[in-house]
Amino acid sequence: MRVEDLDIRELLEVDAERGEVRFAGRKVLILDAVAMGLLRKQLVDTFGLSAARAVLTRFGFVHGWRMAEAMHAELTWDSEEAWRNAGGVIHMLQGHLRLAPESDPLSPRGATLESSYEAEQHLLHLGQAEAPVCWTLCGIGSGYLSRTLGQEVFVLEDRCQGQGDAACHVRGQTRLEWGEALGPHLPFFQEGGIEAVLPALSGSLKRTERKLREKQRALARLARAPGDPSGLIARGPSMRRVLDLARRMAKVESTVFLTGESGVGKERVARLIHEVSARAAGPFLALNCGAIPETLLESELFGHVRGAFTGAVQDRPGLFEAAHGGTLFLDEVGELPLGVQAKLLRALQERQVRRVGENRTRPIEARILAATNRELAEEVAAGRFRKDLYYRLRVIELRVPPLRERREDILPLARELLAEAAQRMRRSLAGLTAPAADQLVRHDWPGNVRELANAMERAAALAQGRRVELEDLPEDVRQAQAPPPASGEGQTLEAIEKAAILAALERNAGHQARTAAQLGIGVTTLYRKLKQYKRRTGRP
Ligand SMILES: Nc1ncnc2c1ncn2[C@@H]1O[C@H](COP(=O)(O)OP(=O)(O)OP(=O)(O)O)[C@@H](O)[C@H]1O
C-alpha cells in the first residue's frame, strides 16, 4: 500500500445495525466540531490554559499512537516510510486539518497546516490566542510519529492561525534534536503531565501573580512616597529598625515571633522576612489561628489521612507540609487551644509532623513565623498558654511598635493609604489639608495602620474638594487632643524621662510589662525608676 492509494471509503465503516463506526478497524466516534470546541472552552475556563493544553496534548497523543497501530494492523505498507507518511493523510481524512502539499513535519522545512479544526474552534470560542493552540494536533502528530519511528518524537507548533498567523506550522523532532527548546513544552506531553503541570503551574502562577501585585504596589509607593523598597512605610527610626531586623532575621532559619497590637503590620513584616529570605521562591502561607474552629485546626495544620474523622474522604497534607520550601505564618498564635499548642511545640522541636489518623511522621521543610497581639506572658500566667511553647517561640522576638509610638510614620502612611483608596475609587485627590494632617498626628490610633487605612478610605469617599478636610475624618479622630509635650523648656532630662514614663504607664492602664516593652526598657528598670519617684515624692 502507498499513501496515494488511501481511500477514506475503505477505511471508514458504518455499521448502522450495531450503531458503530469504525476507522481502520478501530471503533471511533463522530463528534460535532463545535461541541468539541465547547469542550475545549470548558477545559480552559475550568482549569486554565496550561492544564487544558496538557489534557488535549495527551488526548491527541493517544489518538495518534492508536491510529498508527491501526494503520499497521489493517494495511500492508510498501515501506515503513509509507506507513509514517500516511499519518498526515489520515488525519486530513478525519477532518482535523488540511496539509499544504509536500509537507513533512520531520523535514527541516516542517509541515504547514492550511487549516486546523482546532485553531478554528479556539478562535470561535476563546478568541485570538497569544501562543499556538493546536495542542491536540501536536499530540496526534507526536503520537503517530513516535509509534511509527519507534522513538519519542515531539511535534511543536511555531505559527498558528489561532494566534493570527496565516497558516499553522509544525515540526517534529526527537528530544535530543530539540535540545533545550523542548524544556517548556515537555510537561504537556509527559505521562502524568496533567498532575505534574497542574499543581506546579497553578502554584507558581498564584505566587507570580501575588508577587506582581505586590511589586506593582511597591513601585507605585516608591513613585509617590519616600518609603522602604518593600513597600512598607517606615519613616521613623523605630519602624526602620524593625525592617532592618526583619531583613537580618530573613537570613537565618529560626522561628521568629512577631508581637504588637492588632493592625500594626505584623503580617506585612512576616511577608518581608519571607520575601528577602532564600525561601522567596517558595510559598508564603498564613493561618489566622483564631479564625478556624478548634475541630478543624489540627487537620488544617498537620493534615489528615482518609477516614481519620467523618468527612475525611481523602488524604490531605496540612499547612506545615504545604509550606514546603517556603514559610508558614501562624497569626494569633495565642488563640490556639492547649491541645494544639502541645502538638505545635512538638512540631517545632522535632521538625516533623504527624497527620491526624496516621502513625508515621513526616519532616517539616518550612520556616515558621508566628505572631500575637495578646500579652502572651499574661496568658501563660493564667494557664491559657503553655510556658514551654512561649519560651520556644520567643527565642527571636520582633516587636512591631504601635502607630502612636512612631508618629513620624502617620502622615506618610496616611498619604499613601489615601492615594491607594483614591485610585481604587477612581477619584483624583491631591492630599490632606493642614488641619486634617495635624489632627491625624494627634490621634492615638488604637487600631493602628488598619484603622488609619479605614479612615483614609472613608475620607477618600467623603472628600468634596481636591484635599481631605478635617470634617472628612472620623469623629474620634477629630476629637483627639494634642498629646502632652514630650519635652518642656527648662525641664531636666530626668523630669522629661519621668513624664514620658508616667504618661506611658497611664496609656497602658498601669500595666508595667507592656509599658516597659513600649518604652524599650526592661521591666526591672521600670520598677526601679517607679520606686525612685515614689521615694522622692511619696507617690508615683
Ligand atoms: N508600614 C506599613 N506600610 C504600609 N502599609 C502597612 C504598613 N503596616 C501595615 N500596613 C497595612 O495595614 C494593614 C494591617 O496590617 P497587618 O495585617 O500586617 O497587621 P497585623 O499586625 O498582622 O494585624 P493583626 O494582628 O490584626 O493580624 C494591612 O492592610 C497592611 O497592608
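Fair warning: this is a prediction, and the values are worked out from it, not measured in the lab.

Asks: Go over the overall build of the protein, please, and point to the residues and values.
Replies: Each helix and strand counted, the protein has 23 helices and 18 strands in total. Looking at the protein as a whole, 44% of its 540 residues qualify as buried. Put simply, of all contacts in the protein between residues at least 6 apart along the chain, 67% involve residues at least 24 apart. Surface exposure of the protein reaches about 28,500 Å², of which carbon and sulfur atoms provide 52%.

Asks: Residues and numbers for the sheet that holds strand S1 (residues 12-15), please.
Replies: Sheet architecture is open: three strands sit in the order S1-S2-S3, paired in antiparallel fashion. Looking at strand neighbours, the two that pair on one side only are S1 and strand S3 (26-28), the edges of this open sheet. Strand-to-strand twist of the sheet, defined as the mean angle between neighbouring strand axes without regard to direction, takes the value 35°. The pairing of S1 with strand S2 (residues 20-23) spans four bridges and is antiparallel. Within the sheet, the bridge partner assigned to Asp15 lies in S2 and is Glu20.

Asks: Describe the nonpolar core, listing the residues and the values that go with them.
Replies: Judged by nonpolar contacts, the single largest core of 29 residues is most densely connected at Phe320, Leu330, Val333, Leu344 and Leu393. Those elements that place two or more of their residues in this core are helix H12 (294-302), helix H13 (319-322), strand S12 (327-331), helix H14 (338-350), strand S15 (367-372), helix H15 (376-381) and helix H16 (387-393). If one sorts the elements of this core by residue count, H14 sits on top with five residues. When neighbours within four sequence positions are excluded, Phe320 is seen to be in contact with Leu301, Phe302, Leu328, Leu344, Ala347, Val353, Ile364, Ala366 and Ile368. Of all hydrophobic cores here, the second largest spans 26 residues; its members include Ala422, Val449, Ala463 and Val468.

The rules behind these values
- Residues numbered from 1 in each chain as written.
- Predicted model: local features only at pLDDT ≥ 70, side-chain atom pairs only at ≥ 80, totals over all residues.
- Heavy atoms only, no water.
- Helix = DSSP H or I, 4+ residues; strand = E, 2+ residues; numbered from the N terminus.
- Buried < 20%, exposed > 50% of the residue type's maximum accessible area, 1.4 Å probe, protein only.
- Contact = heavy atoms within 4.5 Å.
- Areas by Shrake-Rupley, 256 points an atom, 1.4 Å probe, with all protein chains shown as cover.
- Pairing = 2+ DSSP bridges.
- Axes fitted to C-alpha atoms, helices over the stretch in contact; angles between N-to-C directions.
- Core = buried A, V, L, I, M, F, W, Y, C linked by side-chain atoms within 4.5 Å.

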